[in-house]
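For reference, the chains in residue letters:
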Amino acid sequence: MLEKYEQFGIEKFLFEYPGISTTPSSVLGIFLRGTFNFTAETDKRGTISDQYEIEILVPFNFPRSVPVVREIRGKIPKNGDFHVNPDGSLCLGSPLRLLSLVNSNPNLVAFAEKCLIPYFYAVSIKLNYGDDFMFGELDHGNVGALEDYSLLLGLEEDSQIIQAFQLMGLKKRVGNKKACPCGCGKRLVRIPVKVATCSGRKLPLHRHHPTC
């Protein structure tokens, strides 16, 4: 377990956010719970300091799977307008977007800075001023996920995106012989990653359907 703490950067996270502490872990992963304090600013609304009572489940296969976060005191209305999933977890972004952010710097402090703080800042603005989410909103469900995947992968058609995800399930020696989903005619063997589009964006080996 100590190895996981070091690997995930949990000790540094607890130092940066002293209101959070560990709770008994489970077969699902490591649980953290407590008060998440943050201060952030934008040009539009200036500096916001706020706090939320949260629970974080860090899966043992992090960063291949992203942490699951819940707000546990009822400060955030549990509905789609505030991007809260039906199971109570926070919808911090599309799965592919979150995996892209997490894998660029796979530790909990980076996850907080890139995923949690922007979400909580937007929620605080919405609660206090009634503004829409500041950093843009996707449509709910698969429509929004496809929209975000299109931007991330550089693919325009839904059929191309579906084909890209099908390639994720193939072994390297098989997938690398397939044509790029964008229709350029190039084979993926020319790209030095397991599965990628011709633009060089790596496709994460993770499949998950959002509920937000």
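Before reading on, note that the structure itself is shown above.
Cut-off values and rules
- Residues numbered from 1 in each chain as written.
- Predicted model: local features only at pLDDT ≥ 70, side-chain atom pairs only at ≥ 80, totals over all residues.
- Heavy atoms only, no water.
- Buried < 20%, exposed > 50% of the residue type's maximum accessible area, 1.4 Å probe, protein only.
- Helix = DSSP H or I, 4+ residues; strand = E, 2+ residues; numbered from the N terminus.
- Pairing = 2+ DSSP bridges.
- Axes fitted to C-alpha atoms, helices over the stretch in contact; angles between N-to-C directions.
- Left-handed = near helix turned anticlockwise from the far one by under 90°.
- Contact = heavy atoms within 4.5 Å.
- Nonpolar A, V, L, I, M, F, W, Y, C, P; charged D, E, K, R; others polar.
- Core = buried A, V, L, I, M, F, W, Y, C linked by side-chain atoms within 4.5 Å.

Concerning the pairing of strand β2 (residues 29-42)
Along any regular strand, the residues point their side chains to alternate faces of the sheet.
Part 1 of the reasoning: Among the 14 residues in β2, 10 count as buried, and that is most of the element.
Part 2 of the reasoning: Where strand β1 (residues 20-26) lies against β2, five bridges are found, and the strand directions are antiparallel. Bridge pairing in β2 links I20 to G34.
Part 3 of the reasoning: In textbook terms, the turn of a hairpin is the stretch between consecutive antiparallel strands, and for β1 and β2 this stretch comprises two residues.
Part 4 of the reasoning: As judged from the 14 bridges shared by β2 and strand β3 (residues 46-59), these two strands associate in the antiparallel manner.

Observations regarding the packing of helix α3 (residues 95-104) against helix α4 (residues 108-129)
Part 1 of the reasoning: Where α3 meets α4, the closest approach of the two axes is 9 Å, and the angle between their N-to-C directions is 150°. Once α3 is placed against α4, the crossing between them reads as right-handed. Listed contacts from α4 to L98, L101, V102 and S104 of α3 are F111, K114 and C115.
Part 2 of the reasoning: Of the residues assigned to the contact of α3 with α4, the class counts are five nonpolar, one polar and one charged.

Quick look at the sheet that holds β3
Part 1 of the reasoning: The antiparallel open sheet is built from four strands, whose spatial order is β1-β2-β3-β4. The open sheet terminates on both sides in strands that have one partner only, identified here as β1 and β4 (68-71). Along the sheet, successive strands turn relative to each other by an average axial angle of 35°, direction set aside.
Part 2 of the reasoning: Relative to β4, β3 is paired through four bridges, and the arrangement is antiparallel. Directly across from I56, in β4, lies its bridge partner V69.

Some thoughts on the nonpolar core
Part 1 of the reasoning: Membership of the largest hydrophobic core comes to 41 residues, with the highest contact counts inside it found for F13, F36, L116 and F120.
Part 2 of the reasoning: Elements that contribute at least two residues to this core include exactly α1 (2-8), α2 (10-16), β2, β3, α3 and α4.
Part 3 of the reasoning: Sort the elements by how many residues they give to this core and α4 lands first, with 13 residues.
Part 4 of the reasoning: Beyond its immediate sequence surroundings of up to four residues, F120 is in contact with F36, F38, Y52, I54, I76 and L90.

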